[in-house]
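The lines below spell out each chain.
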Amino acid sequence: MTTGRTIRIAPSILSADFARLADEVARVEEAGADWLHIDVMDGHFVPNLTVGPPIVEALRKVTTLPLDVHLMMTNPDAFIQEFAEAGADSLTVHVETCPHLHRTVQSIKERGVKAGVTLNPATPVGTLSEIVRDADLILVMSVNPGFGGQQFIPSSLQKIAEVRTLIDRTQSRALLEVDGGVKPDNVKEILAAGAEVLVAGSAVFSSHDYAAAITALRAGHQPAARISRIAAAQR
Ligand code: DX5
Ligand code: ZN
């Protein structure tokens, strides 16, 4: 089944080898990644700690890939300026952490950065209804945020479809991104539900062949005959 949508693959550096980060990023760029997904965790909103603006700034110098920064933090407003100056192309905030979500989205956009809005698995799609037209990106979390390598929550498929309907009905320009447990064996359903940007951490960085992993993810929306042709062409 083809949806006619452009599919973008965004490897998440959370599963990369941090001691060789620039090399890992060069490898996924070479392997055909479209965006680079950077997971910022504060040890408060989510039970894990990762990276901040200095890493975004360092990565900005070594890649031309769009930097898709996912802010899993309690007070994202306090860091928007720093992440924008560091070179983020998109900043995605959680509805659960933003009591003044419209203001936060405007504040991101005023800095020339694309504004993403995301929601945890147990947060209803209805929380997006008043912001969907202002957002450049809607991210559906298909795991509870905090860690890479978790299982895709099956009910996320229905949620992705609901968000797709919301985006289309409101004629929002927002791209629909999915994050968590995205693998070659479930990508077909995820794309059929309406996603167009796929975040993949362990599916890419735990594989031995990044190009094959990215091709397998991207090929999820292609008819079977084309999958083998694409794979053969990439060998
Ligand atoms: C989870 C993060 C994800 C994570 C995805 O909290 O937001 O971006 O890196 O990792 P995988 O693809 O391994 O589920
Ligand atoms: Zn993420």
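Residues numbered from 1 in each chain as written. Chains lettered and ligands numbered in written order. Predicted model: local features only at pLDDT ≥ 70, side-chain atom pairs only at ≥ 80, totals over all residues. Heavy atoms only, no water.

Caption draft 1: Structural detail: helix H4 (residues 101–110). Buried within H4 we find Leu101, Thr104, Val105, Ser107 and Ile108. The arc that holds every buried residue of H4, seen down its axis, measures 160°, which confines them to one face. Exposed residues on H4 whose side chains face more than 90 degrees from its buried face are Arg103 and Glu110. Its buried side turned inward, H4 meets helix H3 (80–86), strand E4 (90–94) and strand E5 (114–119). Phi turns positive one or two residues past the end of H4, at Gly112, with a value near 75°. (Buried < 20%, exposed > 50% of the residue type's maximum accessible area, 1.4 Å probe, protein only. Helix = DSSP H or I, 4+ residues; strand = E, 2+ residues; numbered from the N terminus. Arc of directions from axis to C-beta. Contact = heavy atoms within 4.5 Å.)

Caption draft 2: Layout of the coordination of the zinc ion (ligand 2). Here the zinc ion (ligand 2) is held by His37 (NE2), Asp39 (OD), His70 (ND1) and Asp179 (OD), and the distances to it run 2.0 to 2.3 Å. Coordination geometry of the zinc ion (ligand 2): the six donor atoms subtend angles of 70 to 170° at the metal centre, consistent with an arrangement described as octahedral. As a motif over one chain, the donors of the zinc ion (ligand 2) read H-x1-D-x30-H-x108-D. With a gap of 33 residues between them, His37 in strand E2 (residues 36–41) and His70 in strand E3 (residues 67–72) connect regions that are remote in the sequence. Under the relative-accessibility criterion, His70 is labelled buried at 0%. (Donors = N, O, S within 2.8 Å, 3.2 Å for Na, K, Ca; no water. Tetrahedral: all angles 85-135°; square planar, octahedral: opposite > 155°, others 65-115°.)

Caption draft 3: A look at the packing of aromatic side chains. Within the structure shown, the criterion is met by one aromatic pair. Geometrically, the ring pair formed by Phe205 and Tyr210 is edge-to-face, given 5.4 Å between the ring centres and 75° between the ring planes. Overall, the relative accessible area of 6% leaves Tyr210 in the buried class. Just above the ring of Tyr210 sits the side chain of Arg27; from NZ or CZ to the centre is 4.0 Å. (Phe/Tyr/Trp six-rings, centres within 6.5 Å; stacked < 30°, edge-to-face > 60°. Lys NZ or Arg CZ within 6 Å of the ring centre and 35° of its normal.)

Caption draft 4: Geometry of the site of ligand 1. Taken together, 20 residues surround ligand 1, and among them Asp39, Gly146, Asp179, Gly201 and Ser202 come closest. Interatomic distance of 3.4 Å between a side-chain N/O atom of His37 and an oxygen atom of ligand 1. In this structure, ligand 1 is accommodated by the largest cavity. Of all the secondary structure elements, the ones that give two or more residues to the shell around ligand 1 are E2, E3 and strand E8 (197–200). A per-element tally of the shell around ligand 1 places E2 first, with three residues. Grouping the constituent residues of the shell around ligand 1 by class yields eight nonpolar, ten polar and two charged. (Near = heavy atom within 4 Å. Polar contact = N/O pair within 3.5 Å; in protein donor to acceptor, adjacent residues only side chain to side chain. 1 Å grid on protein atoms, 1.4 Å probe; cavity = no way out; pocket = protein on both sides within 12 Å on 5 of 7 lines; lining within 4 Å. Sits in = over half its atoms within 2 Å of the grid points. Nonpolar A, V, L, I, M, F, W, Y, C, P; charged D, E, K, R; others polar.)

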